[in-house]
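Chain and residue survey
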Amino acid sequence: MMKMSLAFLLQQVSEFDLFTLDDIDSAFQNVTRLTYSQNHHFSGKGEGIVISPHVAGHLLGGTIWKISKDGEDVIYAVDFNHRKEKHLNGTVLESFVRPAVLITDAYNALNNQLPTKQRERGFIDAIRKTVEAGGNVLIPVDTAGRVLELILILEESPLNCPIYFLTYVASSTIDYVKSFLEWMSDNIAKSFEHTRDNAFLLKHVSLLINKNDLDNAPAGPKVVLASMASLEAGFAHDIFVEWATDTKNLVLFTERGQFATLARMLQADPPPKAVKVTMSKRVPLVGEELLAYEEEQNRIKKEEALKASIIKEEESKAVHASDNVVDPMVIDASNTQTSQEAAGSHGSRYRDIFIDGFVPPPNCAAPMFPFYENASEWDDFGEVINPDDYVIKDDDMDQGALPFVNNMDGKLDEGPASLILDMKPSKVVSTELTVQVKCSLIYMDFEGHADSRAIKSILAHVAPLKLVLVRGSAEATEHLKQHCSKNVCPQVYAPQIEETIDVTSDLCAYKVQLSEKLMSNVLFKKLGDHEIAWIDAEVGKTENGMLSLLPLSTAAPPHKSVLVGDLKLADFKQFLASKGVQVEFAGGALRCGEYVTLRKVGDASQKGGLSGTQQIVIEGPLCEDYYKIRDYLYSQFYLL
């Protein structure tokens, strides 16, 4: 998806030469692909560091990163969404508790969103009202990100007018996401699994890759999702210039415009009545401009050819200077020795065969009659092979990864192909216009970010030891910093751009080796995906100086019993009910039968309330029910 978005940028009608499509391909060849929750272990300088991606819920493939080393976790969670949407599940950030450092943003710290259904209903109502009044609706969008959610909303709420998705890569985008249903929401995955119904087999949204197709569409009200969201370039820019002067039309923004963009200007309160825009168009070179361009290209080619010939001549001179000039007709012992030395001077890379008395002439760039010996390595099973020689590159296998390729027929989209393959000399002609803004302008938040309430709730649950805020307005950052300092953790940092901060942990971690003698007497117990045990040992050193845990030389001292586990009262309530115990919640406690009450008490010194040391308090008289409830409670834990 990212590759397609980058390729789209190159297609804009502008003198863009910062990078090419080949640069994009070479950059993505260095990318390591990971699936969600997959651990990637670094080697070399990064030895001991493990990273894993987890669902962010903001975009398809959007990721929050968990970075682990020596038992400590650093969570990088910028741009996450807690809400479950039509095409995405919510973030899993709440599953992390007490990381050493949490890096997040304050982008939405001052904004509270309406409920999802209410926002979607307002979105459809605004469009329907404009269409029924005879106007057109323009929705500036990105090429392959949040637009997927908007497409599904419009697909499930059909309007009495045509809906178009207009980008250079519209058809390629939809064909591409059809194969990524397992990365989407549970509802989409289950629907495809049971009924083979693909949510992106669109029935009400038409895909366009050329503005001429939109111009040739039937007259009447229409809804167009066009790129780009900033209105600085692309189809949305051109359509806005055409539709802005009609009071019946509507421009519906679904994300906040970036600073100093046309979209940001139009979202101001109050909006401007007129804006200046630049219209750009690429035209072929003709006449004197074409001749000048061709002369410049010819000059560049001649200079490159001259440089190549000079380099080749210098290399030839260097080879000639290293050759020994001898008479090829003189045959004597010294000449034979010279020939042998010449043959041996090429090292072990290859061996040259010389006829006695025949040496290479001085104007020869390489020895004559070369013989190359292929020295293969052999082991007990035969010749050693290199597996990399038999690996097919992902680019050859995954045709879907190629931008602009239609997965259905393997052909290039007409619009992108004309931009990429057209090598005719051209230039960009720009004109500045003043556009009277008479159309309606509405902003609705469909950015897919967690709002203020959700951010504060999630941070309180995660309860990191240190918190770093790296993005957001000064006001939003300060607001969230003050809140977190009081309710989340005392160490909150909000560094400025290019400012360096030190969040080094105060904890010390040591690597120790468990000796075989110690491990032979340890009894492990299964706890989820892990195995746990209580160990009494003494610290020693191995022969190579590494710390090691050794069995005690004396009898192990007694220790208090330790209950390991995380009990949720709601789950314990269901367990007791299955055992025939009358149980209900009353005043935050679990009432068991007539006399016994359970309360969960957390350590008040721990921020977040759901982490750190916790106690289960049993209140009631010492009766049969008391001991029975206590035994049931002990069964929910692991006793060490």
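Since the structure is predicted, the reported quantities are computational estimates derived from the model, not experimental observations.

Here is what the cut-offs are and how they apply
- Residues numbered from 1 in each chain as written.
- Predicted model: local features only at pLDDT ≥ 70, side-chain atom pairs only at ≥ 80, totals over all residues.
- Heavy atoms only, no water.
- Axes fitted to C-alpha atoms, helices over the stretch in contact; angles between N-to-C directions.
- Helix = DSSP H or I, 4+ residues; strand = E, 2+ residues; numbered from the N terminus.
- Parallel < 35°, antiparallel > 145°, perpendicular 65-115°, else oblique.
- Left-handed = near helix turned anticlockwise from the far one by under 90°.
- Contact = heavy atoms within 4.5 Å.
- Nonpolar A, V, L, I, M, F, W, Y, C, P; charged D, E, K, R; others polar.
- Buried < 20%, exposed > 50% of the residue type's maximum accessible area, 1.4 Å probe, protein only.
- Salt bridge = Lys/Arg side-chain N within 4 Å of Asp/Glu carboxyl O.
- Polar contact = N/O pair within 3.5 Å; in protein donor to acceptor, adjacent residues only side chain to side chain.
- Patch = residues over 30% accessible without salt bridge, like charges linked within 9 Å, V, L, I, M, F, W, Y side chains within 5 Å.
- Areas by Shrake-Rupley, 256 points an atom, 1.4 Å probe, with all protein chains shown as cover.
- Pairing = 2+ DSSP bridges.

1. Focus on the packing of helix α17 (residues 569-578) against helix α18 (residues 624-634)
Packing of α17 against α18 brings their axes to within 11 Å, and their N-to-C directions diverge by 125°. Between α17 and α18, the interaxial angle falls into the category oblique. Viewed along their axes, α17 and α18 form a crossing whose handedness is right-handed. Along the contact surface, α17 presents Phe 572, Phe 575 and Leu 576, while α18 presents Ile 629, Tyr 632 and Leu 633. Classifying every residue of the contact of α17 with α18 gives 6 nonpolar, no polar and no charged.

2. Some words on the environment of Val 470
Mapped onto the secondary structure, Val 470 falls in the loop between β18 (466-469) and α15 (474-487). Look at Val 470 and you get partly exposed, because its relative accessible area is 41%. C-alpha of Val 470 to C-alpha of Pro 495: the two residues are 25 residues apart in sequence and 6.6 Å apart in space. Beyond its immediate stretch of four places on either side in the chain, Val 470 contacts Val 78, Ile 103, Thr 104 and Asp 105.

3. Brief notes about the pattern of salt bridges
One pass over the full model with this rule turns up 17 salt bridges. A salt bridge links Arg 471 to Asp 79; the shortest N-O distance between them is 2.5 Å. Of this pair, Arg 471 sits in the loop between β18 and α15 while Asp 79 sits in the loop between β4 (72-77) and β5 (101-104); the two residues are 392 residues apart in sequence, bridging distant segments of the chain. Among the residues examined, Arg 471 registers a relative accessible area of 31% and is labelled partly exposed. Asp 125 is paired through a salt bridge with Arg 128; the nearest N and O atoms lie 3.8 Å apart. Highlighted residues: Asp 125 and Arg 128, both in helix α3 (residues 116-132), separated by 3 residues, approximately one helical turn. In this structure Arg 128 comes out as partly exposed when scored by relative accessible area, which is 31%. Here the salt bridges do not stand alone but share partners, grouping Arg 83, Asp 451 and Arg 453 into one network.

4. Examining the side chain of Thr 130
Structurally, Thr 130 is set in helix α3. Accessibility expressed as a relative area gives 11% for Thr 130, which makes it buried. A distance of 3.1 Å separates a polar atom in the side chain of Thr 130 from the backbone oxygen of Ala 126. When sequence neighbours within four positions are dropped, the list of residues in contact with Thr 130 reads Gly 135, Asn 136, Val 137, Lys 248, Asn 249 and Leu 250.

5. As for a nonpolar patch on the surface
Where nonpolar side chains cluster on the molecular surface, the patch consists of Tyr 510, Val 512, Leu 514 and Ile 535 and spans about 370 Å² of accessible area. Along the chain, Val 512 falls in the loop between β19 (492-493) and β20 (513-514). We classify Val 512 as partly exposed; its relative accessible area is 38%.

6. Looking at the sheet that holds β19
In spatial order, the strands read β1-β2-β3-β4-β5-β18-β19; together these 7 strands make up an open sheet with mixed pairing. Every other strand in the sheet has two partners, leaving β1 (40-41) and β19 as the edge strands with one partner each. Across 5 bridges, the pairing between strand β3 (residues 63-69) and β4 is antiparallel. Following the sheet pairing, Ile 67 is matched in β4 by Val 74.

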